[in-house]
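Observations on the model geometry
What follows is the residue order along each chain.
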Amino acid sequence: MRSVARWWKASEEGKVECTLCPVHCTLKEGGIGSCGVRINEGGKLYTYTYGSLVSAAIDPVEKKPLFHFLSGHKTLTVATPGCNLHCKGCQNWEISQIEKKEILENPFYRDTFVPPETVVEKALEEGCKSISYSYSDPTIFAEYMIEVSKLASSKGLKNIMVSAGYINQDALKDIDEFMDAYSIDLKFFSDDSYRTYSKGKLQPVLETIKYVFSKGKWVELTTLLVPQYLDEEQLEEIARWIANELADFVPWHVSKFFPHYKAHDLPPTPVEDLEKAYRTGKEAGLKYIYVGNLSGNRHEDTYCPNCGNSVIRREGYRIIYTDMEKGRCKSCGYKIEGVWE
Ligand code: SF4
């Protein structure tokens, strides 16, 4: 649904500057933002996807991935189309990488609206404990996300933002008010890789992560091991940055890359590179490192950092057993960092 956007300012001669994300689009009359869903009409900025849900599904929270946040619960996940980044290997490119002309030609944008009340009611009906904003990047539907999360919070549901973290601080502060947990991609530790692979920059992502962590929100980070764009040096820098700038208990998910969209020239991540990344995290002192997108590997489990006991055994997104009580390792009593029942 078309709705006036929240973060923008008028600039000269009827132009508007969108201040939602670091792309900072300046749009003349009729101009469409890089995300494909925001447009200058009559000197005002509009979002065309307010409540235009293109995807909704009930997932285990582990799929976000969040392994230390109310582990094992069901989360209703919603998305609208568009994205402010343009990753070569986007696995959800069909909904995220829409063509600019679509916003004007496809009546879906104007006509589709799912009220926040419907999303919240559905989550409650289905026994979900949270609502997740994901699949595309929820930054581009921030106004809607805030309305849903506010209502969800008043009904006792938690809110989870799954994002690349490419957002400006003013908007992030508004979003954060009702957000409980974040799963954020820290894709690279190089501006060059961010620019050439995603059409983004590193620094705003680091600022997002530091901000939400400083607010005491539960944060887990994911790095997809994209061959040729992410080298060992970057992995070491990421691991050290997490340990030094955040904390050693922040879970780090290192995931296997598979080629999608415009990245079919790249190979899948070799298994030995995933093993190496795991060791890199350990050497930096991180307590919880997970290897994702690699079925049956032993680094899907949560191990007690004190005694090594397997406190959560997983198979993919499924929990096989837990050996914790009130968030503590049953074997040695160590308090496993996270948000538990
Ligand atoms: S949200 Fe969209 S329109 Fe706004 S600055 Fe980012 S890419 Fe441009």
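Residues numbered from 1 in each chain as written. Predicted model: local features only at pLDDT ≥ 70, side-chain atom pairs only at ≥ 80, totals over all residues.

1. What to know about the packing of helix α5 (residues 142–154) against helix α6 (residues 169–176)
For the record, the criterion: Think of each axis as a best-fit line through the C-alpha atoms, taken over the contacting stretch in the case of a helix, with angles from 0 to 180 degrees between the N-to-C directions. A helix here means a DSSP run of H or I that spans at least four residues, while a strand means a run of E at least two residues long, and both kinds are numbered starting from the N terminus. Note that the term roughly parallel is reserved for angles under 35 degrees, roughly antiparallel for angles over 145, roughly perpendicular for angles of 65 to 115, and oblique for everything else. In this scheme the handedness of a crossing depends on how the near helix is turned from the far one: anticlockwise by less than a right angle means left-handed, clockwise means right-handed. By the convention adopted here, residues are in contact when the distance between their C-beta atoms, placed from the backbone, does not exceed 7 Å. Residue type decides the class: Asp, Glu, Lys and Arg count as charged, Ala, Val, Leu, Ile, Met, Phe, Trp, Tyr, Cys and Pro as nonpolar, and the leftover types, Gly among them, as polar.
Taken N-terminus to C-terminus, the directions of α5 and α6 make an angle of 20°; their axes are 9 Å apart at the nearest point. Comparing their axes, α6 and α5 come out roughly parallel. By crossing handedness, the relation of α5 to α6 is classed as left-handed. On the side of α5, the interface is formed by Ala142, Met145 and Ile146, while α6 contributes Ala171, Asp174 and Ile175. Looking at side-chain class alone, the contact of α5 with α6 contains five nonpolar, no polar and one charged residues.

2. Section: the nonpolar core
Short version of the rule: Each nonpolar core consists of buried Ala, Val, Leu, Ile, Met, Phe, Trp, Tyr and Cys residues. Their C-beta atoms, within 7 Å, join them into a set. Any residue surrounded by 20 or more other C-beta atoms within 10 Å of its C-beta is treated as buried, while 12 or fewer makes it exposed and the intermediate range makes it partly exposed; C-beta atoms here are placed from the backbone. The source of the domain bounds is an automatic or database domain assignment.
Ranked by size, the top nonpolar core spans 91 residues in total, and within it Ala123, Ile131, Met145, Val219, Leu221, Leu225 and Trp252 carry the most contacts. The residue makeup of this core includes at least three contributed by each of domain 1 (3–47) and domain 2 (55–300). Other than its neighbours up to four places away in sequence, leucine 221 contacts Ile184, Leu186, Ile209, Ile242, Val250, Trp252 and His253. If you look at the next biggest cluster of nonpolar residues, it comprises six residues, including Ile312, Met324, Cys329 and Ile336.

3. Focus: the sheet that holds strand β14 (residues 289–292)
Operational definition: Strand pairing is assigned whenever DSSP identifies at least 2 bridges connecting the two strands.
Read from one edge of the open sheet, eight strands run β7-β8-β9-β10-β11-β12-β13-β14, paired in mixed fashion. Edge strands, defined here as strands with exactly one partner in the open sheet, are β7 (55–60) and β14. On average, each strand axis in the sheet is inclined to that of its neighbour by 20°, with strand direction left out of account. Judged from the four bridges that link them, strand β8 (residues 74–79) and strand β9 (residues 130–133) form a sheet pairing that is parallel. The residue of β9 that forms the bridge with valine 78 is tyrosine 133.

4. Concerning α5
The cut-off we apply is this: For a helix, the expected span equals 1.5 Å multiplied by the residue count minus one.
A rise of 1.5 Å per residue sets the reference length of α5, with its 13 residues, at 18 Å; its end C-alpha atoms lie 18 Å apart and thus fit the reference within 8%. Restricting attention to buried positions, one finds in α5 the residues Ala142, Glu143, Tyr144, Met145, Ile146, Val148, Ser149 and Ala152. Looking at the buried residues of α5, the elements they touch are β1 (3–4), β6 (44–47), α4 (116–125), β9, β10 (158–163) and α6. Glycine 156 occupies a position one or two residues after α5 and carries a positive phi of about 85°.

5. A few points about the site of the ligand
Going by this rule: Being near a molecule or strand means, for a residue, that its C-beta atom, positioned from the backbone, comes within 6 Å of it.
In the neighbourhood of the ligand, the contacting residues comprise Cys18, Leu20, Cys21, Val23, His24, Cys25, Gly33, Ser34, Cys35, Arg38, Asn84 and Ile140. Taken together, the residues of the shell around the ligand sort by class into seven nonpolar, four polar and one charged.

6. Things to note about the domain arrangement of the protein chain
Here the domain parsing of the protein chain yields domain 1 (3–47) and domain 2 (55–300). Placing the centre of domain 1 and that of domain 2 at their C-alpha centroids yields a distance of 25 Å. Of the residues that constitute the side of domain 1 that touches domain 2, the class distribution is 10 nonpolar, five polar and one charged.

7. Details of unusual backbone geometry
In the segment running from lysine 64 into proline 65, the intervening peptide bond is cis, with an omega of -5°. Tracing the backbone shows proline 65 in the loop between β7 and β8. The phi angle at glutamate 13 is positive, at roughly 50°, despite the residue not being glycine. Residue classification places glutamate 13 among the exposed positions, given that 8 C-beta atoms sit within 10 Å. For glutamine 228, which is not glycine, the phi torsion reads 75° and is therefore positive. The class of glutamine 228 is exposed, set by 12 C-beta atoms lying within 10 Å.

8. Some words on the pairing of β10
Defined as follows: Here a crossover is taken to be right-handed if, once the strands point away from the viewer, the path from the first strand over the helix to the second is traced clockwise.
β10 sits mainly inside the fold: six of its six residues count as buried. Of the two faces of β10, the one holding Lys158, Ile160 and Val162 and the one holding Asn159, Met161 and Ser163 are both buried throughout. Examined bridge by bridge, β9 and β10 share four bridges and lie parallel to one another. Within β10, the residue paired with isoleucine 131 across the bridge is asparagine 159. Considered for its hand, the β-α-β crossover made up of β9, α5 and β10 is right-handed. The sheet contact formed by β10 and strand β11 (residues 181–185) spans four bridges and is parallel. Bridge pairing in β11 links serine 163 to isoleucine 184. Once you follow β10 into α6 and on to β11, the crossover reads as right-handed.

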